[in-house]
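Observations on chain architecture
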Amino acid sequence: MEILINNINSKLEEYLPICYPEKIFEAMKYTLKLPGKRLRPIFCLETVKMLGGEIESAYPTACAIEMLHVQSLIHDDLPCMDNDDFRRGKPSNHKVFGEANAVLAGDALLTFAPQLIIEKSKGLSDDTTLKLVHEYTKFAGAYALIAGQVVDIESENGILTKSSSETLNFIHLNKTASLFRLAVRSGAIIANPNKLEELDEFATKFGLAFQIYDDIMDEISTFEELGKTIGKDKVSNKLTYVSLYGLEEAKQKFELLINECCDIVNKYDSKILNDILRKLKNRIIGV
Ligand code: GRG
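To keep things clear, this report deals only with the structure shown in the data block.

So, how was this worked out
Residues numbered from 1 in each chain as written. Predicted model: local features only at pLDDT ≥ 70, side-chain atom pairs only at ≥ 80, totals over all residues. Heavy atoms only, no water. Salt bridge = Lys/Arg side-chain N within 4 Å of Asp/Glu carboxyl O. Helix = DSSP H or I, 4+ residues; strand = E, 2+ residues; numbered from the N terminus. Buried < 20%, exposed > 50% of the residue type's maximum accessible area, 1.4 Å probe, protein only. Phe/Tyr/Trp six-rings, centres within 6.5 Å; stacked < 30°, edge-to-face > 60°. Contact = heavy atoms within 4.5 Å. Axes fitted to C-alpha atoms, helices over the stretch in contact; angles between N-to-C directions. Parallel < 35°, antiparallel > 145°, perpendicular 65-115°, else oblique. Nonpolar A, V, L, I, M, F, W, Y, C, P; charged D, E, K, R; others polar.

If you walk through the whole model with that rule in mind, you get 26 salt bridges. With a closest N to O distance of 3.9 Å, K95 and D85 form a salt bridge. Placement of the pair is K95 in helix α5 (residues 93-97) and D85 in the loop between α4 (59-77) and β1 (86-87), with a sequence separation of 10 residues. Across the pair K131 and D127 runs a salt bridge whose closest N-O atoms are separated by 2.9 Å. Taken together, the residues span about one helical turn, with K131 and D127 both in helix α7 (residues 126-140) at a distance of four residues. On the basis of relative accessibility, which here comes to 42%, the residue K131 falls in the partly exposed class. Taking relative accessible area as the criterion, D127 reaches 44% and is therefore assigned partly exposed. Through salt bridges with shared partners, a single ionic network connects E135, K138, R181, R185 and D200.

Right, dumping it as structure tokens:
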């Protein structure tokens with residue numbers, strides 16, 4: 001897994017050279033280069049690999065999805081959103097570059113990512129490239145990622161138009177599962193579209209499980225482990241799996257989903273995806 005992460009990091013560096021005006025590129029690269037887990041690009045590249053595709057052709061898409069993820073983190077940390085001073089163990093983007101540059105850095109990553117897919121994807125047909133950009137725009141926009149964030153903010157302000165459990169599922173399916181779905185679906189589009197539906201089900205379940213993991217970790221983890229402020233959900237009375245179901249039931253829901261993910265991934269050959277699932281499960285449930 002370390003080799004794959006190093007390859008992703010070198011490609012991220014290669015794909016984003018610094019130009020004039022340097023400040024915007026420095027702001028874009030700052031959060032991008034901090035040590036994230038790179039789960040979404042790994043999911044994209046591993047899908048390509050386990051479906052027998054050419055992994056090199058998928059790096060621009062995998063890196064574009066990481067750029068979109070980083071954009072969402074930079075904007076999520078802004079004072080007008082989740083208002084967090086730390087991300088990936090360091091001061092968040094707006095704390096270093098100011099709010100205006102953080103907004104612009106997010107915008108620039110969001111718009112550069114599809115440019116990267118179009119300009120750098122080698123060995124893919126125009127039809128495949130068009131499908132990849134289409135997936136990107138579908139999952140980044142108001143029908144997915146942004147929808148999740150809007151309802152998340154509304155729920156924090158006490159606005160609930162559906163039941164709490166429906167609202168929570170809507171938020172997490174859109175805010176968190178969207179980018180895992182985008183990653184895995186893109187991999188299937190590159191390598192074998194016949195497997196798209198089954199792997200999309202895996203990514204959706206994983207996205208929900210990962211958000212439950214994130215909610216549980218906010219309760220049980222430390223700043224050192226997570227690299228961001230801990231315990232904020234409880235203080236702000238946020239609607240989370242832990243606040244709605246309690247810690248034990250949240251753990252059970254997490255375990256059920258992770259086991260379902262394992263059942264799908266076991267049909268394929270991916271040591272890396274298996275390792276990720278096992279690591280998350282061990283952290284929450286124990287061996
Ligand atoms: C697309 C214009 C546009 C806006 C985005 C701000 C926003 C709207 C959405 C917020 C989405 C968000 C921050 C979801 C949280 C998902 C989550 C669990 C993030 C943490 O992921 P990790 O643990 O992070 O994989 P690292 O740092 O390891 O990459």
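What follows covers the packing of aromatic side chains. In the structure shown here, the tally under the stated rule is 12 aromatic pairs. The interplanar angle of 75° and the centroid separation of 4.9 Å between the aromatic rings of F180 and F206 together place this pair among those described as edge-to-face. Residue F180 is found in helix α9 (residues 164-191), and its partner F206 is found in helix α10 (residues 196-220); the two are separated by 26 residues along the sequence. Pair check on accessibility: F180 and F206 agree, each one buried.

On to the environment of G148. Looking at where G148 falls in the secondary structure, it is placed in helix α8 (residues 145-156). Along the primary structure G148 and Y30 are separated by 118 residues, whereas in three dimensions their C-alpha atoms are 25 Å apart. Excluding anything up to four places from it in sequence, G148 contacts F170, I171, N174 and K175.

Interhelical geometry of helix α2 (residues 22-33) versus helix α6 (residues 99-120) gives an angle of 80° and a closest axis separation of 9 Å. By the angle between their axes, α2 is roughly perpendicular relative to α6. Taking contact as the criterion, the partners of K23, I24, A27, M28 and L32 in α2 are, on α6, N101, L104, A105, A108, L109 and F112. Of the residues contributing to the contact of α2 with α6, the split by class is nine nonpolar, one polar and one charged.

Bringing the side chain of S92 into the picture now. Assignment of secondary structure puts S92 in the loop between β2 (90-91) and α5. When its relative accessible area of 1% is taken as the criterion, S92 is described as buried. The contact partners of S92, leaving out residues within four places of it in the chain, are Y30, D77, D84, D85, F86 and R87.

As a further point, take unusual backbone geometry. Here Y20 and P21 are connected by a cis peptide whose omega angle stands at -5°. Positive phi values are uncommon outside glycine, yet N83 reaches one of about 55°. Within the secondary structure layout, N83 lies in the loop between α4 and β1. Residue classification places N83 among the partly exposed residues on the basis of a relative accessible area of 42%. A positive phi angle is found at R88, which is not glycine, with a value near 50°. Relative to the helices and strands, R88 is located in the loop between β1 and β2.

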